[in-house]
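Remarks on the overall topology
This is what each chain is made of:
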Amino acid sequence: MTDERTTHDAEDDPRNADILIWVNGTLKKRAEAMVSVYDSGFMLGDGIWEGLRLHNGRWAFLDDHLDRLFEAAKAIDLDIGLDRAGIAAALEETRVANAMQDHVHARLMVTRGVKVRPFQHPSLSRSGPTMVIIMEHSRPDPALMERGIRLATVPQVRGLPMSQDPKLNSHSKLNCILACIQAEKAGADEGLMLDPHGFVNTTNACNFFIVRGGEVWTSTGDYCMNGITRRRVIELCRANDIPVFERNFSLVDTYGAEEAFLTGTFGAQTPVAEIDGRRIGEAGTNGAGPITRRIRSLYEALVERDTRTPSAM
């Protein structure tokens, strides 16, 4: 059996068996937290979501996450049913009910609600929206930092925005799920996805960076998720004299990288040790060279500052 890992692997925590889940304003035990089989999200993937990370009893970059949530809701013409303060209150209610303070991941999901008939037209969603908040005690598996992630380039691409804009954090994730399956069939942990023009873009779950000649490269952003961690990494590089470029680059560029890492709310910066069977970095390393380690340290300090400072919401 292969040692397959993903950027969302976490240490087991028995407390998660007894979590309370917020479902449309009511806190329910894990086994009792359910939505209708007629729900738009279950039936058609018609919904949006955000992943958030709790630190010092506060949600890191909460304003950024709420900005992205409401922007996505406007894009798909979905009335969330709560304002920003209402969502923040629901998050706090769930956090307090679960006595959570640190090393917690939340998934906040909003769908168009329950349909009267099992068809796609949005007007059939007449009871909604549906909102669910799942919070789990969740600490990234330290073995990921020790071993690094193995990527395989997959045939599934990040699509054009006129089909389904990859910037949307939508419930419709089948494109990325297929990429994940293709990577697993190739013996890798995650799939490295190209854009429609063949340039390196992102993985099925995270945004992707490489380091070449002391420079940090990531995609143009045209076909990837508008990641909050991605943006913060770019800002940190610019503020700390680390050359960073949003640009097109190829697999040839990628194979020759000295370092590579993934970004996401859950794992922050996860090193990439191997791409298509090619080792990244020096022998005996996991792809996390000095620049990756410096960025991770700068990011940890930024999260600490953000969660010690009152939100501007």
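All residue numbers refer to position in the chain's written sequence, counted from 1. Totals for whole chains, interfaces and linings use every residue, but because this is a predicted model, local features are given only for residues with pLDDT of at least 70 and side-chain atom pairs only at 80 or more, for both listing and counting. Water and hydrogen atoms play no part in the side-chain values, which are based on all heavy atoms of the structure.

1. Observations regarding the sheet that holds strand β2 (residues 26–29)
- Within the open sheet, the six strands sit side by side as β2-β1-β8-β5-β3-β4. Their pairing is antiparallel. The outermost strands of the open sheet, each flanked by one partner alone, are β2 and β4 (58–59).
- Note that strand β3 (residues 47–55) and strand β5 (residues 104–111) share eight bridges and pair antiparallel. Bridged to Glu50 within β5 is Leu108.
- Set on the sheet, helix α2 (residues 62–75) makes contact with β3, β4 and β5; between it and β3 the angle comes to about 175 degrees. Any two strands with at least two DSSP-identified bridges between them are counted as paired. Runs of H or I in DSSP of at least four residues are treated as helices and runs of E of at least two as strands, each being numbered from the N terminus. Contact between two residues is taken to exist if any of their heavy atoms lie within 4.5 Å; hydrogens are not considered. Orientation is described by axes fitted as lines to C-alpha atoms, over the contacting stretch for helices, and by angles from 0 to 180 degrees between their N-to-C directions.

2. Things to note about the pairing of strand β16 (residues 268–275)
- Exposure classes here rest on a 1.4 Å probe applied to the protein chains alone. A residue is buried below 20% of its type maximum, exposed above 50%, and partly exposed in between. Within β16, seven of the eight residues are buried, which leaves it mostly tucked inside the rest of the structure.
- Pairing analysis gives three bridges linking strand β9 (residues 149–153) to β16, with the strands arranged parallel. Along β16, the bridge assignment pairs Arg150 with Glu274.
- Here four bridges tie strand β15 (residues 259–264) to β16, and the two strands are oriented antiparallel to one another. Looking at the pairing, Thr263 lines up with Gln269 of β16.

3. Some thoughts on unusual backbone geometry
- With an omega of 5 degrees, the peptide bond running from Gly128 to Pro129 counts as cis.
- By the element assignment, Pro129 lies in the loop between β7 (125–127) and β8 (130–137).
- Residue Asp77 is not a glycine yet carries a positive backbone phi of 60 degrees.
- Structurally, the position occupied by Asp77 is in the loop between α2 and α3 (84–97).
- Of note in the backbone geometry, Ala99 takes a positive phi value of approximately 50 degrees without being a glycine.
- Its location among the elements puts Ala99 in the loop between α3 and β5.
- The class for Ala99 is exposed, based on a relative accessible area of 67%.

4. A word on the side chain of Glu50
- Examined against the element boundaries, Glu50 turns out to sit in strand β3.
- The exposure class of Glu50 is buried, given its relative accessible area of 2%.
- Think of a polar contact as two N or O atoms within 3.5 Å of one another; within protein, one of them needs to be a possible hydrogen donor and the other a possible acceptor, and neighboring residues in sequence only count if both atoms come from side chains. Within polar-contact distance, the side chain of Glu50 engages the side chain of His65 at 2.7 Å.
- Engagement of the side chain of Glu50 in a polar contact is seen with the side chain of Arg68, the distance being 2.8 Å.
- If sequence neighbours within four positions are ignored, Glu50 has contacts with His65, Arg68, Leu69, Ala106, Arg107, Leu108, Asn169 and Ile228.

5. A look at the state of the cysteines
- Throughout, disulfides are identified as pairs of cysteine sulfur atoms within 2.5 Å of each other. This model, assessed by the stated rule, comprises zero disulfides.
- Here Cys176 is not cross-linked by a disulfide; its sulfur's nearest cysteine counterpart is in Cys180, at 9.3 Å.
- Looking at Cys176, the relative accessible area reads 8%, which means it is buried.
- Cysteine Cys206 shares no disulfide, and the gap to the nearest cysteine sulfur, in Cys176, comes to 10 Å.
- The exposure class of Cys206 is buried, given its relative accessible area of 8%.

6. Considerations on the pattern of salt bridges
- Within this document, salt bridges are pairs made up of a side-chain nitrogen of Lys or Arg and a carboxyl oxygen of Asp or Glu, the two lying within 4 Å of each other. Counted by the stated rule, this structure contains 17 salt bridges.
- The salt bridge involving Arg112 is made with Asp46; its shortest N-O contact spans 2.6 Å. Remark: Asp46 occurs in the loop between α1 (40–44) and β3 and Arg112 occurs in the loop between β5 and β6 (114–115); sequence separation between them is 66 residues.
- We classify Arg112 as buried; its relative accessible area is 14%.
- The salt bridge partner of Arg231 is Asp64, with a shortest N-O separation of 3.9 Å. Remark: Asp64 occurs in helix α2 and Arg231 occurs in helix α7 (residues 228–239); sequence separation between them is 167 residues.
- Look at Asp64 and you get buried, because its relative accessible area is 13%.
- Within the structure, one salt-bridge network assembled from shared partners comprises Asp64, Arg231, Arg232 and Glu235.

7. Remarks on the packing of aromatic side chains
- Here is the rule: rings of Phe, Tyr and Trp (six-membered ring for Trp) pair when centre to centre is within 6.5 Å. Planes less than 30 degrees apart are stacked, more than 60 are edge-to-face, and the remainder are tilted. Overall, the coordinates contain three aromatic pairs when judged by the stated rule.
- Ring centres of Phe61 and Tyr299 lie 6.1 Å apart, and the angle between their planes is 55 degrees; this geometry places the pair in the tilted category. You can see Phe61 sitting in the loop between β4 and α2 and its partner Tyr299 sitting in helix α9 (residues 290–308), a full 238 residues away along the chain.
- Centroid distance Trp217 to Phe249: 5.9 Å. Interplanar angle 55 degrees. Geometry classified as tilted. Of this pair, Trp217 sits in strand β13 (residues 215–218) while Phe249 sits in the loop between β14 (244–246) and α8 (251–255), and the two are 32 residues apart along the sequence. Of the two residues, Trp217 and Phe249, neither departs from the other in class, the shared state being buried.
- Taking NZ or CZ as reference, Arg278 lies 3.9 Å from the ring centre of Tyr255, over its face. Either the NZ atom of lysine or the CZ atom of arginine qualifies as a charge over a ring when it sits within 6 Å of the ring centre and within 35 degrees of the ring normal.

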